[in-house]
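# Survey of secondary and tertiary structure
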Amino acid sequence: MSDHYYTNDPQSKSNQQSWTTQLRGFEFTFNTDAGVFSKEKVDYGSKVLLDAVDLTEFPEGSLLDVGCGYGPIGLTLAKLDQSRTVEMVDINERALALAEKNAVTNGVGNVSIHASSLYENITHQEFAGIFSNPPIRAGKETVHKVLEEGIDYLTVGGYLVIVIQKKQGAPSAQKKMSEVFGNVERIALDRGYWILRSQKVSL
């Protein structure tokens, strides 16, 4: 089986690199490596998600980035609203080490970065927002777990926001979010990437 990013200990030979990019008006320098998702540049879907998010629409409270990789979504959210703490989790130990390094490199202090297979090691249950570019390669069951279990970790009024390509199951994800939350909206569509958002409306 070939090595891929959805594993806790990538076996591909380390080949660290760094590059600079702009996200939501901030300049970031990202350190990346073999065995992590989208190592050459920030995934286009992540950019579409970030551009679609207005944190003023979210209730007060912490945010959660599920499957944070080397950190582009979580670190950008943390820069956008420095009054919030952003918890960033991933199963990939190499990606987590890079995310911690990138937080330091980019001067982002309001983050908490640790290992978790999806929600397994999440103890806080009142997030104002959960964000994910879910690990498509891990399979539909894993992606739908992000959607099904997310509602248990949101405060009332909080949102789950994901990016998923139409050809990789966006219509199915939209249906699942509607079933779980009783609501779903597509807040952006760009090059086949759907940004889907559901709100927790009651306990």
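Heads up: these notes are all about the structure in this document. Since we're looking at a predicted model, the values are computed, not measured. (Residues numbered from 1 in each chain as written. Predicted model: local features only at pLDDT ≥ 70, side-chain atom pairs only at ≥ 80, totals over all residues. Heavy atoms only, no water.)

### A closer look at the packing of helix α4 (residues 140-150) against helix α5 (residues 170-181)
Selection rule: What counts as an axis is a line fitted to C-alpha atoms, over the stretch in contact for a helix, and the angles between N-to-C directions run from 0 to 180 degrees. Secondary structure follows DSSP: runs of H or I at least 4 residues long count as helices, runs of E at least 2 residues long count as strands, and numbering of each begins at the N terminus. A clockwise turn of the near helix away from the far one marks a right-handed crossing, whereas an anticlockwise turn of less than a right angle marks a left-handed crossing. Pairs of residues are marked as contacts when any of their non-hydrogen atoms sit within 4.5 Å. Under this grouping Gly is polar, as are all residues other than the nonpolar Ala, Val, Leu, Ile, Met, Phe, Trp, Tyr, Cys and Pro and the charged Asp, Glu, Lys and Arg.
As a packed pair, α4 and α5 sit with axes 9 Å apart at the nearest point and diverge in direction by 35°. The handedness of the crossing between α4 and α5 comes out as right-handed. Each of K140, H144, L147 and E148 in α4 lies in contact with α5, whose residues at this interface are S172, A173, K176, M177, V180 and F181. Its residues assigned to classes, the contact of α4 with α5 shows five nonpolar, two polar and three charged.

### A closer look at the nonpolar core
Nonpolar side chains in soluble globular proteins tend to be buried together. Basically, it comes down to this: Note on terminology: a nonpolar core comprises buried Ala, Val, Leu, Ile, Met, Phe, Trp, Tyr and Cys residues joined through side-chain atoms within 4.5 Å. Relative accessibility under 20% of the residue-type maximum defines a buried residue, over 50% an exposed one, and the middle range a partly exposed one, all with a 1.4 Å probe and only protein chains included.
In this structure, F30, L49, L75, L77, M88, V111 and F131 are the most contacted members of the largest nonpolar core, which totals 37 residues. Those residues in contact with F30 that lie beyond four places of it in its chain are Q17, S18, W19, T21, L23, V42, Y70, G71, P72, L75 and N102. Core analysis: the second largest hydrophobic core is formed by 23 residues, V89, I151, L160 and F181 among them.

### Brief notes about the side chain of R84
Note the following rule: Under the rule applied, a polar contact is a pair of N or O atoms within 3.5 Å (in protein, one hydrogen donor and one hydrogen acceptor; residues adjacent in sequence only if both atoms are side-chain atoms).
Here R84 lies in the loop between α2 (72-80) and β4 (86-90). For R84, the side chain forms a polar contact with the main-chain oxygen of F58, separated by 3.5 Å. Looking at R84, its side chain comes within polar contact range of the main-chain oxygen of G61, at 3.0 Å. With sequence-adjacent residues up to four places away left out, R84 is seen in contact with L55, F58, P59, E60, G61, L63, N110 and A128.

### Let's talk about the packing of aromatic side chains
The cut-off we apply is this: Stacked, tilted and edge-to-face are the three classes applied to pairs of Phe, Tyr and Trp rings, where Trp contributes its six-membered ring and a pair requires centres within 6.5 Å; stacked means planes under 30 degrees apart, edge-to-face means over 60, and tilted covers the rest. Note on geometry: a ring has a charge over it if NZ (lysine) or CZ (arginine) is within 6 Å of the ring centre and within 35 degrees of the ring normal.
Enumeration according to the criterion identifies nine aromatic pairs in this entry. Three or more aromatic residues joined by ring pairs make a cluster, and in this case those are W19, F26, F28, F30 and Y70. The residue whose ring lies beneath K79 is F28, and the NZ or CZ to ring-centre distance is 5.8 Å. When the ring centre of W194 is taken as reference, the NZ or CZ atom of R186 above it lies at 4.6 Å.

### Some details on the pairing of strand β1 (residues 17-23)
It is a general feature of regular strands that their side chains alternate between the two faces of the sheet. The condition is simple: Here the rule is simple: two strands pair whenever DSSP picks up at least two bridges between them.
For β1 and strand β2 (residues 26-32), the ladder comprises seven bridges, and the chain directions are antiparallel. Counted as the bridge partner of L23 is F26 from β2. Joining the antiparallel neighbours β1 and β2 is a turn of two residues, in which R24 adopts a positive phi near 50°.

### Quick notes on the pattern of salt bridges
Keep this limit in mind: The salt bridge criterion pairs a side-chain nitrogen of Lys or Arg with a carboxyl oxygen of Asp or Glu, the two atoms within 4 Å.
For the structure shown, the criterion picks out six salt bridges. Here E179 makes a salt bridge to K175, at a shortest N to O gap of 3.4 Å. Taken together, the residues E179 and K175, both in helix α5 and four residues apart, mark about one turn of the helix. By relative accessible area, which is 56% here, K175 ends up exposed. The salt bridge involving R197 is made with E185; its shortest N-O contact spans 2.7 Å. With R197 in strand β9 (residues 193-199) and E185 in strand β8 (residues 185-190), the pair connects residues that are twelve residues apart, well separated along the chain. Residue class for R197 comes out buried when judged on its relative accessible area of 11%. Taken together, the salt bridges that share partners define one network made up of E148, K175, K176 and E179.

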